[in-house]
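# Architecture at a glance
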Amino acid sequence: MCCLSHSCVVCVSPEEERRVRANDREYNEKFQYASNCIVTSKYNVITFLPVNLFEQFQEVANTYFLFLLILQLIPQISSLSWFTTIVPLVLVLSITAVKDATDDYVSKEKWMNVRVGDIIKLENNQFVAADLLLLSSSEPHSLCYIETAELDGETNMKVRQSLSVTAELGDPNSLASFDGEVVCEPPNNKLDRFCGLLCWRDCKYPLSNHNMLLRGCVLRNTETCYGLVIFAGPDTKLMQNSGRTKFKRTSIDRLMNTLVLWIFGFMVCMGVILAVGNAVWEREVGSLFQSYLAWDLPVDNFLFSAFLSFWSYVIILNTVVPISLYVSVEVIRLGHSYFINWDRKMFCPQCNTAAEARTTTLNEELGQVEYIFSDKTGTLTQNIMSFSKCSINGHAYGEVIDPLGAQPKVSRLTLDFSSFNPLADPDFCYYDNGLLKSVKLGDLHSHEFFRLLSLCHTVMSEEKKEGELMYKAQSPDEGALVTAARNFGFVFRSRTPGTVTVTELGRPVTYTLLAILDFNNIRKRMSVIVRNPEGRIRLYCKGADTLLFERLHSSNNHLMNITTDHLNEYAGDGLRTLALAYRDLSEEQWEEWSERHRQADRATDCREDRLADIYEYIEQDMMLLGATAIEDKLQEGVPETIAILSLANIKIWVLTGDKQETAVNIGYSCKMLTGDMTEVFIISGNTVLSVREELREWPSVGDKQQQCPPPPGPPAPRPPSSTTLDSISGEFALVINGHSLAHALEADMEGEFVSTACVCRAVICCRVTPLQKALVVELIKKHKKAVTLAIGDGANDVSMIKTAHIGVGISGQEGIQAVLASDYSFSQFRFLQRLLLVHGRWSYLRMCRFLCYFFYKNFAFTMVHFWFGFFCGFSAQTVYDQYFITLYNIVYTSLPVLAMGIFDQDVPEQRSLEYPKLYEPGQLNLLFNKREFFICITQGIYTSVVLFFVPYAILSHGTQGTGEPLADYQTFAVTTATALVIVVSVQIALDTGYWTAINHFFVWGSVGSFFTIMLAMHSQTLFSIFPNQFHFVGSAQSTLVQPLVWLTIVLATVICIVPVLAFRFLKLDLKPQLSDTVRTICFWPHSQLSDTVRTICFWPHSQLSDTVRTICFWPHSQLSDTVRTICFWPHSQLSDTVRTISTLTELSDTVRTICFWPHSHLSDTVRTICFWPHSHLSDTVRTICF
């Protein structure tokens, strides 16, 4: 292949159909099809600067600061030099431009450039460069093997085949003379379908996805092949699927945008106040100076002076929202993302996969999640399937019964298949010898059962050595079933486009493959039609039992009832089930159906619907063979993870395509559903009315349950606003199937469904489609305004992952499509608790502390100008040296707050996992909201008042040692600036909860840099070089040697900091947060805790049920000193129900003593400590009786 040009052609208008003529560029160029040039970079050397600046100035903040810069260039307005704004602006633009250029350079890809209609040659292991129609191949039957990992993440090989009429076009001369024309669908993003016709030599041949090689595939095990370019460049299906994902913003981002607008409004109000003050001052006082201090041109009256003064103060006061805020936020988020990527505790050595933050914009949102929507297969389970049980002709196999016919054996021996079948898989495990005996004895139903499994699939077989088979299946289910058939004597050996070869009990048999009726999410079944060597035609079908049973012959009713019982039993064990059936076809039936199938296959419109109708027609009146049950074990740590997340008040919904019984069993296995629950409600109505009736019946059932005390445990989730649901107590779970969910999602019922579901501790939705998964997530986002997280591992989870606020992909057995669509990815569900409770909580905490401090320090800095305006004639004179104004946010105070925003912690990571209740402040948005914002700016305004008026009051009457007064502008400016830097540095030292060497270096280094730079700026050396730029020559040196100045700085610092310390100590003593209490516990052992700490006892989560993880506090007035000591028993000797210590307020000192006997003398049921009121016990009997 050769690159013909590097220009991309864009189609003028949307296509209705595409016409491509082979080897005729002149004809094809009339349609202006896109070339195959793909450059995913946005910039080149020439366009980078203008395009990048244009994009950056689309940000409102950047445009605002550019506007300020323009104002500063007007001498009549600006009292600051232009560099006070341009230096921070250029710095921010430069950092962002470097980041954008780096990202763009990394993502730049160049592909071979060909044109639509060209015929290209591909060789083994080569990437397919465009969407091609396969014309011929070097392999027999013109087959071609490809790997589609770039498209769907699946590494197993898939087979493609050319049309028989083009299979002979193997030499260059024949291909050069090929002039066929393809009429097909326009470009689209559907990877699994293609519809078109090849018109050649007055004949039309239908084309399907089976004839296409898509861009991104890799040619495997095929020496050469030739293809006709149908779609190129941006029109290829790969590029059509790489459209922009909806940009996700965090709730803090949205709040910050609102607050910034409020600050702008506040700044304008301050500007108006000062402008009015300027007008009044110029009219009443300034007019007296006109004779010797006239207005500067073009000012000719006090109103125009006020107008210019307004814009001058807009420039001066703009630092309430510095441009560095946005860059700092991005740097902090980038740091948090690297912490996730570097976390060794989220690395899976088995998969060699680390956690990956695929976005940097959502980290703090991880600390605010209230709802998790999870897939089941491959997410909660391992998606490693093993054949477990089966039902054949009404007989159940798989349970191992002991010789007396009682309970299933606990110890099971794996059957040895090697003596019976030399081609058996040595890794296959099965325990029921009855099924193997049935096959050996020649049971026809068992033979037909495994014959179906060996024929009805799309598995590819590789046999590198004789007898060493390797199966490559598109799904783990298929691989498990074909492997089971292999071990029971029906060995799938190989396939061609028209045949399937199977070794049946040692005898090779080749079946003619007449048709494959593909599986999809709507049909939920797959069929093949084969002809055996004797000429008999039979259809084999496997699929979901609910759909397959509807298509059985009426004579199967009795067998269907027995099989249904078996299926329910298997589903109750958490197994994945499929039903199997067959149908014999006569030659006439086959010929008739085959012709109808050919006509539907050639249709250019509604082809998919026509084929579906044809498939439906033939899949009728089938005979039931039995059912399979496949085991998919839970991943490691899933029950513990769900239990801990539930304690963090995170509600978990499972959305699965499995049947109800399977999903419910998995719910119990992973502790989503527990026996302590008050009720598990099942919604299974098939009509709108029945679903509505079941939803409305739910509260009345809950009212009946209310009479019974709820099981011990954590508080029930907060109920919705409905007064009926408010009165429900206890813990509930809801299970709803796909049919009922479709009705519940209708507009007139969705509110009722959400209200009911959100009262439940757990919700399981069964038999749901990918679209329904996304709709459920959207429903919660719409009605609950809560942060949602969706987690899944397969392509059917992509819509759900993209819809949720946060999408998490599991890199498992179903490819990487979910990972590619996600915001975060890792390999095990159990890592989710660390992602949320550690990284998410810390990110939220750090961002909130960063924002609170950032707004505080800038209000403290800026508002000093406001107070100064009342003492400088509202002349827009600045308090500080202009270099201090420039460097305050980018040097003196930037690094300490960045260090706090990146490294800060309130409690160690282990405590975050031990006490999940620490997660709740993020869900309730307690750490940064409008109230916290107003507290921060109030503190900042208070600090500015102190920093201005304390130096003003002291220095206005102060004198130097020589008797000279200190009341000059430059001394006041240096004193105020020094006090400001010290105060904000002390404040961040108080705000920092976790000190590292970096924090120390940045905090104290920033203070040191302030003095170093200020002394340099005020030095005689710089003044002699730039006399017009450095006006504060010698000011720092003369000011900082005055004891009165340092007394002023210390006094201002004390007045600013002492109220903050007092408030925090009072809050810690009177209303401590859980994190404060946990920090206290980290430092004292239990035996050394005083009564004031009220000893909080924690048990390891792994050893306790959910009901005892509540932290209990006892008031002093109700407990004597003796009872305040909490004693612990070894967890292994106590049942879950007796770990709660109950106390009453009516006990005398004698009875308040808790006595403990050696555990060997007490059974689990009597370890509860009981207290009786005084009126029921005499003095002698007040001892605790058991």
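Keep in mind that what you see is a predicted model, and the values were worked out from it rather than measured.

## A word on the side chain of Ser843
- With respect to the helices, strands and loops of the structure, Ser843 is situated in helix α27 (residues 831–869).
- Residue classification places Ser843 among the buried positions, given a relative accessible area of 4%.
- Reaching out from Ser843, the side chain makes a polar contact with the backbone oxygen of His839 at a distance of 2.8 Å.
- Residues within four places of Ser843 in sequence aside, it is in contact with His336, Asn363 and Glu364.

## Some remarks on the packing of helix α32 (residues 930–955) against helix α33 (residues 969–991)
- For the pair α32 and α33, the least separation of the axes is 10 Å and the interaxial angle reads 145°. Handedness of the α32/α33 crossing: right-handed. Side by side, α32 and α33 meet where Gln939, Thr943, Leu947, Phe948, Pro951, Tyr952 and Leu955 of the first sit next to Thr971, Phe972, Thr975, Thr976, Ala979, Leu980, Val983 and Gln987 of the second.
- Grouping the constituent residues of the contact of α32 with α33 by class yields nine nonpolar, six polar and no charged.

## Focus on the UniProt feature "binding site: Mg(2+)" (unreviewed entry) in the chain
- Within this numbering scheme, the UniProt entry marks Asp375, Thr377, Asp793 and Asp797 as carrying the feature "binding site: Mg(2+)" (unreviewed entry). These annotated residues cover 423 residues of sequence, but their C-alpha atoms sit close together, with the largest distance between any two at 10.7 Å.
- When you line up the elements, Asp375 lands in the loop between β13 (369–374) and β14 (381–392).
- The class of Asp375 is buried, set by a relative accessible area of 4%.
- Excluding anything up to four places from it in sequence, Asp375 contacts Leu380, Leu655, Thr656, Lys773, Ile791, Gly792, Asp793, Asp797 and Met800.
- Engagement of the side chain of Asp375 in a polar contact is seen with the side chain of Lys773, the distance being 3.3 Å.
- Turning to its location among the elements, Asp793 is positioned in the loop between β29 (787–792) and α25 (798–803).
- Assessed through its relative accessible area of 0%, Asp793 is described here as buried.

## Some remarks on α27
- Taking 1.5 Å as the rise per residue, α27 with 39 residues should run 57 Å; its terminal C-alpha atoms sit 56 Å apart, in good agreement.
- The largest bend in α27 amounts to roughly 30° and is located at Gly840.
- Here α27 lies mainly inside the structure; 38 of its 39 residues are buried.

## Considering the confidence of the model for the chain
- Confidence in the prediction of the chain, expressed as mean pLDDT, is 80, and 81% of residues score 70 or more.
- Note that pLDDT drops below 50 for residues 1–13; the model gives that stretch 36 contacts with residues more than four away or on any other chain.
- The low-confidence segment residues 402–411, where pLDDT is below 50, has eleven contacts with residues more than four positions distant or belonging to other chains.

## Considering the sheet that holds strand β5 (residues 157–161)
- Read from one edge to the other, the open sheet built from three strands follows the order β5-β4-β10, with strand pairing classed as antiparallel. Of all strands in the sheet, those bounded by a partner on one side alone are β5 and β10 (218–220). Neighbour-to-neighbour, the strand axes of the sheet open up by a mean angle of 45°, direction not taken into account.

## Thoughts on the environment of Phe289
- With respect to the element layout, Phe289 can be found in the loop between α8 (251–284) and α9 (302–316).
- Of the residues examined, Phe289 reaches a relative accessible area of 29% and is grouped as partly exposed.
- Setting aside chain neighbours within four positions, we find Phe289 in contact with Trp281 and Ala294.

## Quick notes on the pattern of salt bridges
- For the structure on display, the rule yields 45 salt bridges.
- In this structure, Arg333 engages Asp253 in a salt bridge whose closest nitrogen and oxygen atoms are separated by 2.7 Å. With Arg333 in helix α10 (residues 324–341) and Asp253 in helix α8, this residue pair connects regions lying 80 residues apart in the sequence. Comparing Arg333 with Asp253 shows no difference in burial state: the two are buried.
- As a salt-bridge pair, Glu448 and Arg451 come within 2.5 Å of each other at their nearest N and O atoms. You can see Glu448 and its partner Arg451 sitting in helix α12 (residues 444–455), three residues apart, about one turn around the helix. Across the pair, Arg451 and Glu448 agree in class, each one buried.

## Comments concerning the sheet that holds strand β26 (residues 679–683)
- Read from one edge of the open sheet, nine strands run β12-β31-β30-β29-β13-β25-β28-β27-β26, paired in mixed fashion. Across the chains shown, the open sheet's two edge strands, defined by having one partner strand only, are β12 (356–357) and β26.
- When strand β30 (residues 806–810) meets strand β31 (residues 824–826), the two strands line up parallel, connected through three bridges. The residue bridging Gly809 from the neighbouring strand is Ser825, located in β31.
- Packing of helix α19 (residues 660–669) onto the sheet brings it into contact with β26, β27 (732–737) and β28 (762–766), and relative to β28 it is tilted by some 150°.

## Let's talk about the nonpolar core
- Counting 104 residues, the largest nonpolar core has Leu325, Phe850, Leu851, Tyr880, Phe884, Phe928 and Leu980 as its most contacted members.
- When near neighbours in sequence (up to four residues on either side) are disregarded, Leu851 contacts Ile252, Met256, Leu325, Val329 and Phe928.
- Grouped together as the second largest cluster of nonpolar side chains are 47 residues, Ile340, Ala663, Ile806 and Ile810 included.

Rules and cut-offs
- Residues numbered from 1 in each chain as written.
- Predicted model: local features only at pLDDT ≥ 70, side-chain atom pairs only at ≥ 80, totals over all residues.
- Heavy atoms only, no water.
- Helix = DSSP H or I, 4+ residues; strand = E, 2+ residues; numbered from the N terminus.
- Buried < 20%, exposed > 50% of the residue type's maximum accessible area, 1.4 Å probe, protein only.
- Polar contact = N/O pair within 3.5 Å; in protein donor to acceptor, adjacent residues only side chain to side chain.
- Contact = heavy atoms within 4.5 Å.
- Axes fitted to C-alpha atoms, helices over the stretch in contact; angles between N-to-C directions.
- Left-handed = near helix turned anticlockwise from the far one by under 90°.
- Nonpolar A, V, L, I, M, F, W, Y, C, P; charged D, E, K, R; others polar.
- UniProt positions renumbered as here; feature names shortened; annotations may be inferred.
- Expected span 1.5 Å × (residues − 1).
- Bend = angle between axes of the 7 residues up to and from the residue.
- pLDDT = per-residue confidence, 0-100.
- Pairing = 2+ DSSP bridges.
- Salt bridge = Lys/Arg side-chain N within 4 Å of Asp/Glu carboxyl O.
- Core = buried A, V, L, I, M, F, W, Y, C linked by side-chain atoms within 4.5 Å.

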